[in-house]
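Okay, here's what each chain looks like letter by letter:
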Amino acid sequence: MPATIRSSRSVIADIPPPPGGADTVPVHHQVAAADRAKRTGHAGAVVWLTGLPGSGKSTLAMALERRLTDLGWQAYTLDGDNVRRGLNADLGFSPQDRQENIRRIGEVAALFADAGSVCIAAFISPYREDRAKARIAAGGRHFFEVYVKSALATCERRDPKGHYKRARAGLLRDFTGVDAPYEAPEQPDIAIDTETQDVERSVAQSTTGHRRSTKLRPCASCCRLHSCR
């Protein structure tokens, strides 16, 4: 189950020191998570979409961002291709680079959640261990692993970017599902079958799923994150 929200001070206190940590001193925020939730009307969270290439992660993420924004939530999507154009432009697709890609995004998503936003991360993120580390990076913030499920044959038939065709022709190496592995979630918080559901229904399931799974809305009277209403 998702962990409960704690103050930013307690979250920072739980972060292990980096290499050479004796030379760094954490700077504590004067604004706690509850203060941010009081302003936005909801707690921060990470909604992590994982699945094969072509399963529909980006389409679902952007539609979910639109839906949450229309509902008055503060939401933002980190998409795999977009991030590789900037922050992670120096990374390739080797196992080591994939791990570093997800490590960085896990930390960035945690910062978005700490700021009070619902951060939607749409990444293949093929390794269970790396997704588990992203959950750990979220600390005490809500974290939802969403498995965007679709059979390999279906994803390859869709092939929206032509990557499967290039990979089968030997023109694209280390492509997930062809010559690189994908480790499906064993116990995702939400599983969405994009083979049988359209975008609208998938967004509705995702929105309802994470709102029911956690007390994201603060109490109307005391602004603490619990189930007064």
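Data block above holds the structure.
Undergrad: Just to check I follow, could you spell out the nonpolar core for this structure?
TA: If you look at soluble globular proteins, the nonpolar side chains tend to sit buried side by side. Core analysis: the largest hydrophobic core is formed by 18 residues, its most contacted members being Val47, Leu49, Leu68, Ile120 and Val146. Sorting the residues of this core by element identifies strand 1 (45–50), helix 3 (57–70), strand 3 (118–122), strand 4 (142–149) and strand 5 (190–193) as the ones contributing at least two each. At 4 residues, helix 3 tops the list of elements feeding residues into this core. Discounting residues that sit within four places of it in the chain, valine 146 has contacts with Val47, Trp48, Leu49, Thr50, Ile190 and Ile192. Counting 14 residues, the second largest nonpolar core, distinct from the first, contains Val46, Ala113, Phe123 and Phe143.

Undergrad: What is the right way to look at the pattern of salt bridges in this model?
TA: This model, assessed by the stated rule, comprises 11 salt bridges. We note a salt bridge from lysine 161 to aspartate 81, for which the minimum N-O separation is 2.6 Å. Taken together, the positions of lysine 161 in the loop between helix 7 (152–158) and helix 8 (163–168) and aspartate 81 in helix 4 (residues 80–83) put the pair 80 residues apart, joining distant regions of the chain. Overall, aspartate 81 belongs to the partly exposed group, its relative accessible area being 38%. Through salt bridges with shared partners, one network takes in Asp90, Glu100, Arg103 and Arg104.

Undergrad: Before we go on, may I ask you to explain the packing of helix 5 (residues 95–114) against helix 6 (residues 128–137) in this structure?
TA: Pairs of packed helices are described in terms of their axes, by the angle between the two and the distance that separates them. For the pair helix 5 and helix 6, interaxial distance at closest approach is 8 Å and the crossing angle is 20°. When the interaxial angle is binned, helix 5 and helix 6 end up roughly parallel. Of the two possible hands of crossing, helix 5 and helix 6 adopt the one that is right-handed. For the pair helix 5 and helix 6, contact is made by Arg98, Gln99, Ile102, Gly106, Glu107 and Ala110 and by Asp130, Ala134 and Ala137, respectively. Among the residues forming the contact of helix 5 with helix 6, the class breakdown is 4 nonpolar, 2 polar and 3 charged.

Thresholds, definitions, all that
- Residues numbered from 1 in each chain as written.
- Predicted model: local features only at pLDDT ≥ 70, side-chain atom pairs only at ≥ 80, totals over all residues.
- Heavy atoms only, no water.
- Core = buried A, V, L, I, M, F, W, Y, C linked by side-chain atoms within 4.5 Å.
- Buried < 20%, exposed > 50% of the residue type's maximum accessible area, 1.4 Å probe, protein only.
- Helix = DSSP H or I, 4+ residues; strand = E, 2+ residues; numbered from the N terminus.
- Contact = heavy atoms within 4.5 Å.
- Salt bridge = Lys/Arg side-chain N within 4 Å of Asp/Glu carboxyl O.
- Axes fitted to C-alpha atoms, helices over the stretch in contact; angles between N-to-C directions.
- Parallel < 35°, antiparallel > 145°, perpendicular 65-115°, else oblique.
- Left-handed = near helix turned anticlockwise from the far one by under 90°.
- Nonpolar A, V, L, I, M, F, W, Y, C, P; charged D, E, K, R; others polar.

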